[in-house]
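Spelled out from the first residue to the last, the chains are:
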Amino acid sequence: MYDVIVIGAGIVGSYTAHELARLGYSVCVLEKQPRPGHKTSCTGIVSRACLEMLPAGPGIIQWEAHSAKIFSPAGKYIRVERDSTQAYILDRAALDRLMAKQAKAKGAEFHFSTTVSGARTDGNCVQVQATRHGEPGGFTARAAVIASGSAAGITRSAGLGQVHEYAQGAQAQAERKNVAEVEVYSGAGTAPGFFAWLVPSSQAHVKVGLLCRGNPKPYITALLERLTQQGKINQAAYDISYGTIPLKPISRTYTDRLLVVGDAAGQAKPTTGGGIYFGLLCARLAVQTLDESLKINDLSKRRLALYQRRWHKVLKNELAIDYWAHRFYQELDDKQIEHIFKIIERHGIHESLLASPDITFDWHSLVILDAIKHRSLQRSLEKLKAAPFRLFDGRTRSN
Ligand SMILES: Cc1cc2nc3c(=O)[nH]c(=O)nc-3n(C[C@H](O)[C@H](O)[C@H](O)COP(=O)(O)OP(=O)(O)OC[C@H]3O[C@@H](n4cnc5c(N)ncnc54)[C@H](O)[C@@H]3O)c2cc1C
């Protein structure tokens, strides 16, 4: 009988395991892959605030970005730059390995090649059913944390439902040729409903990726070909990996003896798909709630509801505004995106937003609200009579 079982040794699961083991709890981590960081499509772009929550290790930071070119569907671009580093590009697989190693060093026990099929509360404990190296078995603990990423089966088996809306993602590593900084691409032919990116990860390599609705395979293949033709990357044997990103959190992230964190709970930004920082912030609140509840031996859902109240206080509005901004963007056609680019450029909206203290890498809601209050942008959207404008029409006026 462990104090806590953590399901999933991704970044959020290993962080949770580390923090609980550090507090002296017996922790067991169950991971279906044979080793940490085995399969990841994550680009690993994080802010300074996020970096500070992560362990430092050689080779973890691959690149620092302080500027980016944002391309319209027709290929025009706006360049944004700040003096200081705005984002760190991390080696996500190496980071997952390091985090698991550090959690192990604190006493957490890891079982790899162990696939969890379900978790249910049984009187004074939680029973986790798993198949280990093909053999069925069970694990028991006082509490469990579901950190299994976007795989929905476990939250469903625990009666907590599942994330219903996802973006599909793809990423490949390529040889870097003639490209100096981060580039972001928009347009229905490139990444419908979202965007694509090229991010330097060393002097010799870049990560090329995208998010979209539907199957990302034809889009990532076309993007890699286009970038090769443009001389930005070298034709190479691209190793493409795929993943999904939740766009909306599940409605309940707790029940008796169980909490849900990270992508499993839908705690990622619907604007950019970044899930590392918000997942870690919520894991920290899960650990705090579990620590207090384990100490008084009250792991009832009434008590654990505190976790959801805590993370909602930090993120609920942020995620709701980000989701709405994503929906707005998703509804725009290429002509409308092109028009908005023109307005932004003509009125220097990007420059005034960049100068605003509200703009941060992680928190987008304030800058979204700032942007839509911009008179010239509002007027132009009204003129466009863009269908998406109706999405926020009432809200901007009442604000
Ligand atoms: C293409 C792409 C690019 C991205 N880029 C960024 C980025 O630049 N910055 C950023 O912040 N975020 C990015 N993300 C999002 C980020 O990867 C996730 O938000 C983050 O990995 C969530 O961490 P997690 O620990 O909750 O889940 P995961 O990292 O998915 O970990 C879940 C773990 O649970 C394991 N697991 C699943 N099911 C079971 C089971 N049944 N039994 C046992 N183990 C199981 C999995 O094998 C995995 O190891 C990106 C995502 C994609 C798809």
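See above for the structure.
Some remarks on the site of the ligand
Move 1: Taken together, 39 residues surround the ligand, and among them G8, G10, G149, G262 and G275 come closest.
Move 2: Going through the elements one at a time, α1 (11-22), β3 (45-46), β9 (114-122), β12 (166-176), β17 (241-246) and α6 (276-295) are the ones with two or more residues in the shell around the ligand.
Move 3: Both of domain 1 (2-42 + 92-163 + 250-315) and domain 2 (59-90 + 166-245) provide at least three residues apiece to the shell around the ligand.

Concerning the nonpolar core
Move 1: Formed by 101 residues in total, the largest nonpolar core has its most connected members in V4, I7, A144 and L210.
Move 2: For this core, the element with the highest residue contribution is α6, accounting for eleven residues.
Move 3: Looking at this core, you find at least three residues from each of domain 1 (2-42 + 92-163 + 250-315) and domain 2 (59-90 + 166-245).

What about helix α3 (residues 92-105)?
Move 1: With 14 residues, α3 should cover 20 Å at 1.5 Å per step; its first-to-last C-alpha distance of 20 Å lies within 8% of that length.
Move 2: For α3, the complete set of buried residues consists of R92, L95, D96, L98, M99, A100 and A103.
Move 3: On its buried face, α3 sits against α1, β2 (27-30), β7 (87-90) and β8 (109-111).

Considering unusual backbone geometry
Move 1: Residue H133 is not a glycine yet carries a positive backbone phi of 45°.
Move 2: For H133, a count of 11 C-beta atoms within 10 Å gives the class exposed.
Move 3: One non-glycine residue with positive phi stands out, namely N297, at about 50°.
Move 4: Mapped onto the elements of the fold, N297 is located in the loop between α6 and α7 (301-331).
Move 5: Residue N297 is classed as exposed on the basis of its C-beta count, with 9 C-beta atoms lying within 10 Å.

Thoughts on the pairing of strand β13 (residues 182-185)
Move 1: Where strand β5 (residues 67-71) and β13 come together, four bridges link them in parallel fashion. Bridged to F71 within β13 is Y185.
Move 2: Alignment of β13 against strand β14 (residues 196-200), held across three bridges, turns out to be antiparallel. Each bridged residue has a counterpart across the sheet, and for E183 the counterpart in β14 is L198.

Thoughts on the packing of α1 against α3
The description of two helices packed together rests on the angle between their axes and the distance between the axes.
Move 1: Axis separation between α1 and α3 bottoms out at 8 Å; the angle between their running directions is 20°. If you check the angle between α1 and α3, you find them roughly parallel. Of the two possible hands of crossing, α1 and α3 adopt the one that is left-handed. Across the interface between the two elements, I11, S14, Y15, A17, H18 and A21 of α1 pack against L95, D96, M99, A100, Q102 and A103 of α3.
Move 2: Residues that form the contact of α1 with α3 fall into these classes: eight nonpolar, three polar and one charged.

Analysis parameters
- Numbering of residues begins from 1 in every chain and follows the order in which that chain's sequence is written.
- Local features in a predicted model are, by the rule used here, given only for residues with pLDDT of at least 70; side-chain atom pairs are given and counted only at 80 or more, and totals for whole chains, interfaces and linings are based on all residues.
- Defining nearness, a residue is near a molecule or strand when the C-beta atom obtained from its backbone falls within 6 Å of it.
- The numbering of helices and of strands both runs from the N terminus, where a helix is a DSSP run of H or I of at least 4 residues and a strand a run of E of at least 2.
- Residue ranges assigned to each domain were obtained from an automatic or database domain assignment.
- Linking buried Ala, Val, Leu, Ile, Met, Phe, Trp, Tyr and Cys residues through C-beta atoms within 7 Å yields a set, and such a set is a nonpolar core.
- With C-beta atoms placed from the backbone, a residue is buried if 20 or more other C-beta atoms are within 10 Å of its own, exposed if 12 or fewer are, and partly exposed between those counts.
- What a helix is expected to span follows from its residue count: subtract one and scale by 1.5 Å.
- Our contact criterion uses C-beta atoms placed from the backbone: two residues qualify when those atoms are within 7 Å.
- We call two strands paired when DSSP finds no fewer than two bridges between them.
- The angle between two axes is taken between their N-to-C directions and runs from 0 to 180 degrees, where each axis is a line fitted to C-alpha atoms and a helix contributes only its stretch in contact.
- Oblique is the label for every angle not falling under 35 degrees (roughly parallel), over 145 degrees (roughly antiparallel), or within 65 to 115 degrees (roughly perpendicular).
- For any pair of crossing helices, the crossing counts as left-handed if the nearer helix is rotated counterclockwise from the farther one by less than a right angle, and right-handed if it is rotated clockwise.
- Any residue outside Ala, Val, Leu, Ile, Met, Phe, Trp, Tyr, Cys, Pro, Asp, Glu, Lys and Arg is labelled polar, Gly included; the first ten of those are nonpolar and the last four are charged.

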